[in-house]
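Structural description and commentary
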Amino acid sequence: MTDLRNFITQVGLEDARSLLQSGNLIFTSEVDFFVRTPEEWKSVIRQNPFRKEAERDPGHLVVLFLKNAPKPEVIAALQADITSPEIIKAKGKQAYVFYPNGIGRSKLTQAMIEKRLGRGTGRNWNTVLKLGIIAKTGSAKLTPVAPRKRI
């Protein structure tokens, strides 16, 4: 357990304490963690409310991973704050944002999102799908290797 506590401290977590020899740790951190199980990740993909947009323009769809599921009235208030064409919908502990004109041109800022939803972390749809493959297969090898033909 001493080795485990030392490792936790080395990766930047503070005040690591363990419960007997159980492997359970308690620590403090300046960083928020957003953890999803493989089954939850599958649900993130399955519950995407922007299926057509994801097929047509996956780089402009972002999933925001949140600590808690936002209430419908909070999502409605955030949508009302947006003065550009972005659309936001929530499913569970995720908010899905479609940026039709791209994120760089958007008037929807991180400050606006955090004001209504709290802190979170976002991933574009391409990344969500790639991480879904890793969660499902346990492998980061995303492209099958085909043998090259000799000419």
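Below you will find a few notes about this structure. Position numbers for residues count from 1 along each chain, tracking the sequence in the order it is written. In keeping with the model being predicted, local features are shown solely for residues with a pLDDT of at least 70 and side-chain atom pairs are shown and tallied solely at 80 or more, while totals for entire chains, interfaces and linings include all residues. Calculated side-chain values reflect all of the structure's heavy atoms, with hydrogen atoms and water omitted.

Moving on, we get to the environment of Lys-89. A run of DSSP states H or I qualifies as a helix once it reaches four residues; a run of E qualifies as a strand once it reaches two. Both are numbered from the N-terminal end. The residue Lys-89 is located in strand β4 (residues 87-91) in this model. Relative accessibility decides the category of a residue: with a 1.4 Å probe and only protein chains considered, values under 20% of the type maximum give buried, values over 50% give exposed, and everything between is partly exposed. For Lys-89, a relative accessible area of 36% puts it in the partly exposed group. The spacing of Lys-89 and Pro-70 is 19 residues in sequence and 9.9 Å in space, taken between C-alpha atoms. Residue contacts are defined here by distance: any two heavy atoms, one from each residue, within 4.5 Å place the two residues in contact. When sequence neighbours within four positions are dropped, the list of residues in contact with Lys-89 reads Pro-49, Phe-50, Ile-75, Gln-94, Ala-95 and Tyr-96.

To continue, consider helix α6 (residues 125-137). Relative to the 18 Å expected for 13 residues at 1.5 Å per residue, α6 spans 18 Å between its end C-alpha atoms, a close match to the ideal helical length. Every buried residue belonging to α6 is among Trp-125, Val-128 and Gly-132, and all of these are buried. For α6, the arc enclosing every buried residue in end-on projection is 50°, short of the 170-degree limit, so these residues lie on one face. Polar contacts, as used here, are pairs of N or O atoms within 3.5 Å; protein pairs need one atom able to donate a hydrogen and one able to accept it. Residues neighboring in sequence count only if both atoms are side-chain atoms. You can read the cap of α6 off the contacts: a side-chain oxygen lies 2.9 Å from the backbone nitrogen of Asn-126, and it is on Asn-124. Directly after α6, the chain includes Gly-138, whose backbone phi takes a positive value near 75°. Helix span, as expected, comes to 1.5 Å for every residue beyond the first. The directions from the helix axis to the C-beta atoms form the arc being described.

This part is about the nonpolar core. Remark: nonpolar core denotes a set of buried residues (Ala, Val, Leu, Ile, Met, Phe, Trp, Tyr, Cys) joined through side-chain atoms within 4.5 Å. Leu-64, Ile-88, Leu-108 and Leu-117 are the most contacted members of the largest nonpolar core, which totals 14 residues. Counting only elements with at least two residues in this core, the list comes to β3 (61-66), α4 (72-81), β5 (94-98) and α5 (110-117). If you look at the next biggest cluster of nonpolar residues, it comprises 11 residues, including Val-44, Phe-50, Val-63 and Val-128.

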